[in-house]
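Inside the fold
Chain by chain, the residues run as shown.
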Amino acid sequence: CYGPNPWPEGNAQTRRTIVTKRILITGGAGFIGSHLCDRLVAAGHDVLCVDNYFTGDKANISGLIDAENFELMRHDVTFPLYVEVDEIFNLACPASPVHYQHDPVQTTKTSVHGAINMLGLAKRTGAKILQASTSEVYGAPQVHPQTEDYWGNVNPIGPRGCYDEGKRCAETLFFDFHRQHGINIRVARIFNTYGPRMHPNDGRVVSNFVVAALQNAPITIYGDGQQTRSFCYCDDLIEGFIRLMNSDATITGPINLGNPGEFTMIELAETILELTNSSSELVFKPLPEDDPKQRRPDITLAKQHLNWEPQIELRAGLDKTIEYFDTLLSAGK
């Protein structure tokens, strides 16, 4: 088990005897990766954080630098890595449209070459490996909510294809390595996740809305604002990662990890305006190409196999996120 556990006391799944492991986290200085580093270091595991800082930030893991069981390495996962580890969390890849469309070829290489290199490392060391996949594999879904057996509706040649198809190919590689080489894999499909350490200019809807609201600047809504998303707070996602990695070897996934609560963009904006007491106005612009109009996870498998479902309500998570961005903006960052 990985404690400390932010979830309710008395959960048997998170109260097992702690065994120290050597754990590699690629993309470990990023938004989600840094929270995972915090959790695993606090549990006493030896954590190797690897990042090339394209979207990651050393500030995210600054509190861990002096920890004896934490190591930081600058490395690009498109190149092989030769280390000895027991487990690998493969999180390396830009995840917001602003960042992954900046260099789409490199985005695809990060997903595909990165998966090949990390799976090769897992094969050599016998490590268990988790792939951070995405709800974007479902594309603009024609099934709602999205279940893991849905194959998706993705435009392979559109501006989002570098990320969507890169992640789809990474899933293919994980299952082919599993079938061909017996690699112990886990695949998590992440739905919109938010919280402290998001990049203020990453183009994601929560960070965009919060930063604009705190500055009393116009909040841009694309389309008519009736498109929906489901928002999962980062602590809930990390708990899902850990439960999936700890699960029985037969639970390879893919498993959806996200919050099934569904909100329109207008509802999200109005909630943030209320929580920030902002005077921002809503401005509407055309919907970007291939932007999905609905996104909501079916988390039946996560409940069944991992005894997992989100615990943090949207307003509570937004309060913590707003506090983070307010501090960041006050410091002039």
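Everything below is about the structure printed above this text.
Residues numbered from 1 in each chain as written. Predicted model: local features only at pLDDT ≥ 70, side-chain atom pairs only at ≥ 80, totals over all residues. Heavy atoms only, no water.

With respect to the overall build of the chain
- Across its full length, the chain carries nine helices and 13 strands.
- The C-alpha atoms of the chain give 19 Å as radius of gyration, which agrees with the globular expectation for 333 residues (20 Å, within 12%).
- When its C-alpha atoms are laid out on the principal axes, the chain stretches across 55 × 40 × 40 Å.
- Per-residue burial over the chain gives 55% buried out of 333 residues.
- Within the chain, contacts between residues separated by at least 24 positions form 81% of all contacts whose residues are at least 6 apart in sequence.
- Summing over all exposed atoms, the chain offers an accessible surface of approximately 14400 Å²; the carbon and sulfur share of this is 49%.
- Mean positive and mean negative side-chain charge positions of the chain (29 and 40 charges, respectively) differ by 5 Å. (Helix = DSSP H or I, 4+ residues; strand = E, 2+ residues; numbered from the N terminus. Rg over C-alpha atoms; globule rule 2.2 N^0.38 Å. Buried < 20%, exposed > 50% of the residue type's maximum accessible area, 1.4 Å probe, protein only. Contact = heavy atoms within 4.5 Å. Areas by Shrake-Rupley, 256 points an atom, 1.4 Å probe, with all protein chains shown as cover. Lys, Arg positive; Asp, Glu negative; His and termini not counted. Charge placed at Lys NZ, Arg CZ, Asp CG, Glu CD.)

Re the environment of Glu 313
- Looking at where Glu 313 falls in the secondary structure, it is placed in the loop between helix H8 (300-306) and helix H9 (314-330).
- The exposed category is assigned to Glu 313, whose relative accessible area is 60%.
- Considered as a pair, Glu 313 and Asn 259 are 54 residues apart in the sequence and their alpha carbons are 9.1 Å apart.

Things to note about the side chain of Ser 230
- Its location among the elements puts Ser 230 in the loop between strand E9 (228-229) and strand E10 (232-233).
- Polar contacts involving the side chain of Ser 230 include one to the main-chain carbonyl oxygen of Gly 261, which spans 3.1 Å.
- Polar contacts involving the side chain of Ser 230 include one to the main-chain carbonyl oxygen of Arg 295, which spans 3.1 Å.
- Apart from residues no more than four positions distant in its own chain, Ser 230 is found in contact with Asn 192, Asn 259, Pro 260, Gly 261, Glu 262, Arg 295, Arg 296 and Pro 297. (Polar contact = N/O pair within 3.5 Å; in protein donor to acceptor, adjacent residues only side chain to side chain.)

Let's talk about the packing of aromatic side chains
- Here the structure, examined in full by the defined rule, presents four aromatic pairs.
- Aromatic pair Tyr 194 and Tyr 233: ring centres 5.5 Å apart, planes at 70°, arrangement edge-to-face. Taken together, the residues span a long stretch of sequence, with Tyr 194 in strand E7 (residues 193-194) and Tyr 233 in strand E10 at a distance of 39 residues. The burial state of Tyr 194 is the same as that of Tyr 233; both residues are buried.
- Centre to centre, the rings of Tyr 324 and Phe 325 are 5.3 Å apart; their planes meet at 70°, and the pair counts as edge-to-face.
- Residue Phe 325 is classed as buried on the basis of its relative accessible area of 0%. (Phe/Tyr/Trp six-rings, centres within 6.5 Å; stacked < 30°, edge-to-face > 60°.)

Structural notes on the side chain of His 75
- Counting through the fold element by element, His 75 comes out in the loop between strand E3 (70-74) and strand E4 (87-90).
- Under the relative-accessibility criterion, His 75 is labelled buried at 16%.

Considerations on the packing of helix H7 (residues 265-276) against H9
- Closest axis-to-axis distance for the H7/H9 pair is 11 Å, and the angle between their directions is 55°. Taken together, the axis directions place H7 and H9 in an arrangement best described as oblique. Note that H7 runs across H9; the crossing there is right-handed. Only Leu 314, Arg 315, Leu 318, Asp 319 and Ile 322 of H9 make contact with H7, whose side of the interface consists of Leu 268, Thr 271, Ile 272, Glu 274, Leu 275 and Thr 276. (Axes fitted to C-alpha atoms, helices over the stretch in contact; angles between N-to-C directions. Parallel < 35°, antiparallel > 145°, perpendicular 65-115°, else oblique. Left-handed = near helix turned anticlockwise from the far one by under 90°.)

Some words on unusual backbone geometry
- Of note, the bond from His 144 into Pro 145 is cis; its omega dihedral lies within 30 degrees of zero at -10°.
- Cis geometry marks the peptide bond from Gly 253 to Pro 254, where omega comes out at 0°.
- Its location among the elements puts Pro 254 in the loop between helix H6 (234-246) and strand E11 (255-257).
- Non-glycine residue Tyr 53 carries a positive phi angle of around 65°.
- If you trace the backbone, Tyr 53 turns up in the loop between strand E2 (46-51) and E3.

Structural notes on helix H4 (residues 161-181)
- In this model H4 runs 28 Å from its N-terminal to its C-terminal C-alpha over 21 residues, within 8% of the 30 Å that 1.5 Å per residue would give.
- Considered for burial, the residues of H4 that qualify are Gly 161, Cys 162, Tyr 163, Asp 164, Gly 166, Lys 167, Ala 170, Glu 171, Leu 173, Phe 174, Phe 175 and Phe 177.
- On its buried side, H4 packs onto helix H2 (97-100), helix H3 (104-125), strand E5 (128-134) and strand E6 (185-190).
- Positive backbone phi, at 75°, marks Gly 182, one or two positions downstream of H4. (Expected span 1.5 Å × (residues − 1).)

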